[in-house]
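Architecture and fold: a report
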Amino acid sequence: AKKHHHDNFEYYAPEIEERTTWQLNMIRRLRNDFADRKLQLWFQPQIDLTSEQVVGVESLLRWPDEEGGFIPPTVFIPLAEYSGLIVDIGQWVVEESCRRIQSLNQGGYPGLRVAVNISMPQFRDRYFVQKIKQALTRFECPPAQLELEITESVVMDEPQIVIDALTSLKQFGVAIAIDDFGTGFSSMSYLQRLPLDRLKVDRSFVNDIQPGKSAVIAETIVSLGIKLGLCTIAEGVERPDQAEYMKQLGCMEAQGYLYAKPMPFDELTAYLESHTG
Ligand code: C2E
Ligand code: CA
Ligand code: CA
Ligand code: CA
């Protein structure tokens, strides 16, 4: 029974309801698939720009769909955060990463750093710090081989909780990186209060690099990193000229399709086999 005009409520309500149903359905599927151990952890190499050796990897979640593809993390991570599922999933990512550190250390590739992404709800878990320390101990990992990647928005959300947790983990030896650096808001004030090791230059600024041109933001971030005594890593490096430009600026490491896409652990060991000298 429709009228001559749409009143806002009538017009939007069904759409909102539809989106909510879709979200709830996705969350239910995610919860089930996580419980059924269907989530996978893939790894993308990080390269030292001077030695051109692999120095670490970033752990990235993969959620297989029914058609043999994957539901993108940019779609399901926000749902995992919204539903709180990210606390358990994120802990699984930490444990799985520690397990891989142990197997790399024992399997002829010792000392590689493994970086994991951490979301805000994980910091609100009062056992967060303890659970990370336990995972490191359980898998006999030197804490410095685990790196936590935090975005600026996580820091801004609840600075004191984040600073306290990171300070404790840093004292334990864990490494800390700021992810997507330069895309958040007013991060500057927190830079000195966070126990940081690394700045990850967001891929949008690396993408701005074009042959024969200067890329002001990438340049500024690298020099800021150097002045703060931090290591810098360029994300989303797809072409040799971008790697070369970042290296000239003094950026130490790079990650991106130029070197390798994220891959399952078996492929990673094969990659390391052929790329370590
Ligand atoms: P991110 O942390 O910024 O991760 C880097 C993303 O850039 C990854 O996307 C990676 O596949 C992609 N990438 C790497 N190199 C290149 C390149 O050269 N070109 C381009 N175009 N892209 C590149 P992915 O795996 O789809 O992950 C997307 C985001 O999902 C991540 O962004 C991260 O924010 C989130 N995410 C993934 N895994 C986890 C997780 O375990 N926990 C949490 N909290 N978030 C995660
Ligand atoms: Ca990241
Ligand atoms: Ca990033
Ligand atoms: Ca990103």
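Check the entry above for the structure.
All values derive from a computational prediction rather than experimental measurement.

Moving on: the overall build of the protein. Broken down by element type, the protein carries 12 helices and nine strands. In terms of overall dimensions, the protein is globule-like: its C-alpha atoms have a radius of gyration of 20 Å, near the 19 Å expected for 277 residues. Projecting the C-alpha coordinates of the protein onto the three principal axes gives extents of approximately 70 × 45 × 40 Å. By residue count, 46% of the 277 residues in the protein fall in the buried class. Considering only residue pairs separated by 6 or more positions, the protein has 68% of its internal contacts joining residues 24 or more positions apart. As displayed, the protein offers around 14,500 Å² of accessible surface, 52% of which is attributable to carbon and sulfur atoms. The average position of the 27 basic charges and that of the 39 acidic charges among the side chains of the protein differ by 3 Å.

Under the definition given, this model contains 18 salt bridges. The closest approach of N and O atoms between Arg138 and Glu95, which form a salt bridge, is 3.9 Å. A residue pair is termed long-range when its members are at least 10 positions apart, and Arg138 in helix α5 (residues 128-138) and Glu95 in helix α3 (residues 86-106) qualify at 43 residues. Overall, the relative accessible area of 57% leaves Arg138 in the exposed class. Its relative accessible area of 26% is what places Glu95 among the partly exposed residues. A salt bridge links Glu149 to Lys200; the nearest nitrogen and oxygen atoms lie 2.8 Å apart. Taken as a pair, Glu149 in strand β5 (residues 146-151) and Lys200 in strand β7 (residues 198-201) lie far apart in primary sequence, 51 residues in all. By sharing partners, the salt bridges in this structure join Glu58, Glu149, Lys200 and Glu235 into a single network.

The protein atoms that coordinate the calcium ion (ligand 3) are Asp179 (OD), Asp180 (OD), Glu235 (OE) and Glu235 (OE), at distances of 2.1 to 2.6 Å. Written as a sequence motif, the donor residues of the calcium ion (ligand 3) are D-D-x54-E. A separation of 3.8 Å is found between the calcium ion (ligand 3) and the calcium ion (ligand 2), both of which receive a donor from Asp179.

The next point concerns unusual backbone geometry. Phi is positive for Arg37, which is not a glycine, with a value near 60 degrees. Note that Arg37 resides in the loop between α1 (8-35) and β1 (40-48). Unlike most non-glycine residues, Glu140 shows phi in positive territory, near 50 degrees. With respect to the helices and strands, the residue Glu140 is situated in the loop between α5 and β5.

So, on to the packing of α5 against helix α7 (residues 159-172). Contact geometry of α5 with α7 gives a least axis separation of 10 Å together with a crossing angle of 20 degrees. Relative to α7, α5 is oriented roughly parallel. Relative to α7, α5 is oriented so that their crossing is right-handed. On α7, the residues that touch Phe128, Val129, Ile132, Lys133, Leu136 and Thr137 of α5 are Ala165, Ser168, Leu169 and Phe172. Of the residues that constitute the contact of α5 with α7, the class distribution is seven nonpolar, two polar and one charged.

Scoring rules and cut-offs
Residues numbered from 1 in each chain as written. Chains lettered and ligands numbered in written order. Predicted model: local features only at pLDDT ≥ 70, side-chain atom pairs only at ≥ 80, totals over all residues. Heavy atoms only, no water. Helix = DSSP H or I, 4+ residues; strand = E, 2+ residues; numbered from the N terminus. Rg over C-alpha atoms; globule rule 2.2 N^0.38 Å. Buried < 20%, exposed > 50% of the residue type's maximum accessible area, 1.4 Å probe, protein only. Contact = heavy atoms within 4.5 Å. Areas by Shrake-Rupley, 256 points an atom, 1.4 Å probe, with all protein chains shown as cover. Lys, Arg positive; Asp, Glu negative; His and termini not counted. Charge placed at Lys NZ, Arg CZ, Asp CG, Glu CD. Salt bridge = Lys/Arg side-chain N within 4 Å of Asp/Glu carboxyl O. Donors = N, O, S within 2.8 Å, 3.2 Å for Na, K, Ca; no water. Axes fitted to C-alpha atoms, helices over the stretch in contact; angles between N-to-C directions. Parallel < 35°, antiparallel > 145°, perpendicular 65-115°, else oblique. Left-handed = near helix turned anticlockwise from the far one by under 90°. Nonpolar A, V, L, I, M, F, W, Y, C, P; charged D, E, K, R; others polar.

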